[in-house]
Amino acid sequence: MLNIVLFGPPGAGKGTQSENIIEKFNLTHLSTGDLFRKHLGEGTDLGKLAQKYMDDGNLVPDSVVIDMVKDKIASTSGAKGFIFDGFPRTVPQAEALDTMLKEFDSDISGMIALDVPDDELRTRLLERGKTSGRADDQNVDKINNRIQVYKDETIPVAEFYEKQGKFNKIHGVGSIEGIFGEISTVIEKL
Ligand code: ADP
């Protein structure tokens, strides 16, 4: 399996680049943000539980996220590999992911980290908020909180993969095609 963690702060372009990656490399997209929004839209118990955290730009508790990802992996048969988008966001999530993949005799092939300055992130998220309908994109305080949560809780995940020799950084400002070209070069070497 080719399993990739697409990593970066909110607004870095993970969703956009995931679409390009799954098409070119024939991988299965697993975005925890998308899964939560689906639950929210369907009004499930999980969606109701996640809503408060998401609206405030805080992380949903690890156990909830991990169980949801386990279910998703278990219900996806015949995947050539996964692109993990927005997951893992904490070190316990990264450890749990390693354990899950071991059950399939697999592991993470590599992490790709999109590097984008904070000011650019704020501009992109506020712009997206005009059309996305996402409460967490429409308020500067919430956006700043998400960026801070990323620094406090998610950056250590990069170190987790760096220790395993799986960390690849890509500058995430420029044309979507140009950035995708760099991502492709990294993936082809994995
Ligand atoms: P973004 O990367 O733009 O902040 P996502 O769509 O990935 O947005 O996630 C939206 C929200 O969903 C997060 O702010 C958080 O509340 C929740 N969420 C998504 N993935 C995770 C995760 N792996 N762990 C905890 N919470 C998560």
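Here we summarise the structure given alongside this text. Bear in mind the structure is a predicted one, so any value in this text is a computation, not a measurement.

### Overview of the site of the ligand
In the vicinity of the ligand, 19 residues are found, and the nearest of them are Thr-32, Arg-37, Asn-58, Gly-86 and Gln-93. Between the ligand and Val-60, the relevant distance is 3.0 Å, taken from a nitrogen atom to a main-chain nitrogen or oxygen of the residue. Within the contact set of the ligand, an oxygen atom lies 3.2 Å away from a side-chain nitrogen or oxygen of Arg-89. Contact with the protein chains hides 96% of the accessible area of the ligand, taken as 550 Å² for the molecule alone. Those elements that place two or more of their residues in the shell around the ligand are helix H2 (32-42) and helix H3 (45-56). No other element matches H2, which puts four residues into the shell around the ligand. Counted by class, the shell around the ligand contains eight nonpolar, five polar and six charged residues.

### Regarding the sheet that holds strand E4 (residues 110-115)
Spatially, the five strands line up as an open sheet ordered E2-E3-E1-E4-E5, and their pairing is parallel. Where the open sheet ends on each side, the last strands, each with one partner, are strand E2 (28-31) and strand E5 (167-171). For this sheet, the mean angle separating the axes of adjacent strands, direction not counted, is 20 degrees. Where E2 meets strand E3 (residues 82-85), four bridges bridge the pair, whose relative direction is parallel. Its bridge partner being in E3, Ser-31 is matched across the sheet by Asp-85.

### Brief notes about the side chain of Asp-136
Examined against the element boundaries, Asp-136 turns out to sit in the loop between helix H6 (118-132) and helix H7 (140-163). Here Arg-134 takes part through its side chain, which lies 2.9 Å from a polar atom of the side chain of Asp-136. If sequence neighbours within four positions are ignored, Asp-136 has contacts with Met-54, Asp-55, Lys-142, Ile-143 and Arg-146.

### What about the pattern of salt bridges?
Two side chains bearing opposite charge may form a pair once their charged atoms approach each other closely. Scanning the entire structure with this criterion turns up 15 salt bridges. Glu-188 serves as the salt-bridge partner of Lys-24, at 3.5 Å between the closest nitrogen and oxygen. Remark: Glu-188 occurs in helix H8 (residues 176-188) and Lys-24 occurs in helix H1 (residues 14-25); sequence separation between them is 164 residues. You can call Glu-188 exposed: its relative accessible area is 51%. Taking the shortest distance from any N to any O, the salt bridge between Arg-146 and Asp-136 comes out at 3.8 Å. Taken together, the residues span a long stretch of sequence, with Arg-146 in helix H7 and Asp-136 in the loop between H6 and H7 at a distance of 10 residues. The residues Arg-146 and Asp-136 share a single accessibility class, namely buried. Salt bridges here are not isolated pairs; linked through shared partners, they connect Arg-128, Arg-134, Asp-136, Asp-137 and Arg-146.

Procedures and definitions
- Residues numbered from 1 in each chain as written.
- Predicted model: local features only at pLDDT ≥ 70, side-chain atom pairs only at ≥ 80, totals over all residues.
- Heavy atoms only, no water.
- Near = heavy atom within 4 Å.
- Polar contact = N/O pair within 3.5 Å; in protein donor to acceptor, adjacent residues only side chain to side chain.
- Areas by Shrake-Rupley, 256 points an atom, 1.4 Å probe, with all protein chains shown as cover.
- Helix = DSSP H or I, 4+ residues; strand = E, 2+ residues; numbered from the N terminus.
- Nonpolar A, V, L, I, M, F, W, Y, C, P; charged D, E, K, R; others polar.
- Pairing = 2+ DSSP bridges.
- Axes fitted to C-alpha atoms, helices over the stretch in contact; angles between N-to-C directions.
- Contact = heavy atoms within 4.5 Å.
- Salt bridge = Lys/Arg side-chain N within 4 Å of Asp/Glu carboxyl O.
- Buried < 20%, exposed > 50% of the residue type's maximum accessible area, 1.4 Å probe, protein only.

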